[in-house]
Amino acid sequence: MAILNILTYPDPRLHKIAAPVEEINEDIRQLVRDMAETMYDAPGIGLAATQVDVHKQVIVMDLSEDKSELRVFINPRILAKCGNQDYEEGCLSVPGVYETVTRAAEITVEALDEHGKAFTLEAEGLLAVCIQHEMDHLLGKVFVEYLSGLKQNRIKNKLKKRQRERA
Ligand code: GNR
Ligand code: NI
């Protein structure tokens, strides 16, 4: 297993669009294991392959307290959405920034697991937020893009400054 490097906003690679996984094989299962280890190490509740510079439609997620509920979504598609909810989001690619985003309250998502088995999941609350946040990453979208241009510029400058200080 390996801990992968997480890209930090405003890295242009976070805006790449992920391709569907054609074949779910041992390489994909290795990627899933490495992404899960990276997510737990961070720690975070979700991670999209885009964030580790792999532009394939793979997401891992675990909302449990004790790493006991790993969920894997390969080639996810939203079949239905309804309602709205506001949630204060964070992102491992935008460290230290927490802002409220409005998303669908309930979603139905269809995806494949790491064995290639299709499943459908109805989600609400934080699970629904997290799935939408991760699916945005696969489309090259970071949650700060829902904020005003002014806020986006402030966040960009803050993160660039921090990266300069660390270099
Ligand atoms: O760890 C994470 N927490 C979180 C909190 C509120 C809304 C979304 C998230 S996802 C985030 C991990 C991450 O950046 N996934 O892409
Ligand atoms: Ni994120």
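So, here's what we can say about the structure. Predicted model, so just to flag it, every value in this text is computed and none were measured.

### Points about the environment of Met 135
Now for step 1: Topologically, Met 135 is positioned in helix H2 (residues 125-138).
Now for step 2: Taking relative accessible area as the criterion, Met 135 reaches 14% and is therefore assigned buried.
Now for step 3: The spatial distance from the C-alpha of Met 135 to the C-alpha of Phe 73 is 9.5 Å, given a sequence separation of 62 residues.

### What to know about helix H1 (residues 26-41)
Now for step 1: The end-to-end C-alpha distance of H1 is 22 Å, a good match for the 22 Å that 16 residues give at a rise of 1.5 Å each.
Now for step 2: Those residues of H1 that sit buried are Ile 28, Leu 31, Val 32, Asp 34, Met 35, Ala 36, Thr 38 and Met 39.
Now for step 3: Next to the buried residues of H1 lie strand S1 (46-48), strand S2 (58-61) and strand S3 (71-82).

### Some thoughts on the nonpolar core
Now for step 1: The biggest cluster of nonpolar side chains holds 17 residues, and the ones touching the most others in it are Ile 59, Met 61, Phe 73 and Ile 131.
Now for step 2: Elements with a contribution of two residues or more to this core: S2, strand S6 (106-112), strand S7 (118-124) and H2.
Now for step 3: Among the elements that take part in this core, H2 stands out by supplying six residues, more than any other.
Now for step 4: For Ile 59, the contacting residues outside a window of four places in its chain are Met 35, Leu 47, Ala 48, Arg 71, Val 72, Phe 73, Pro 76, Glu 134, Met 135 and Leu 138.
Now for step 5: Counting residues in hydrophobic clusters, the runner-up holds 15 residues, among them Leu 31, Leu 47, Ala 49 and Ile 74.

About the cut-offs
Residues numbered from 1 in each chain as written. Chains lettered and ligands numbered in written order. Predicted model: local features only at pLDDT ≥ 70, side-chain atom pairs only at ≥ 80, totals over all residues. Heavy atoms only, no water. Helix = DSSP H or I, 4+ residues; strand = E, 2+ residues; numbered from the N terminus. Buried < 20%, exposed > 50% of the residue type's maximum accessible area, 1.4 Å probe, protein only. Expected span 1.5 Å × (residues − 1). Contact = heavy atoms within 4.5 Å. Core = buried A, V, L, I, M, F, W, Y, C linked by side-chain atoms within 4.5 Å.

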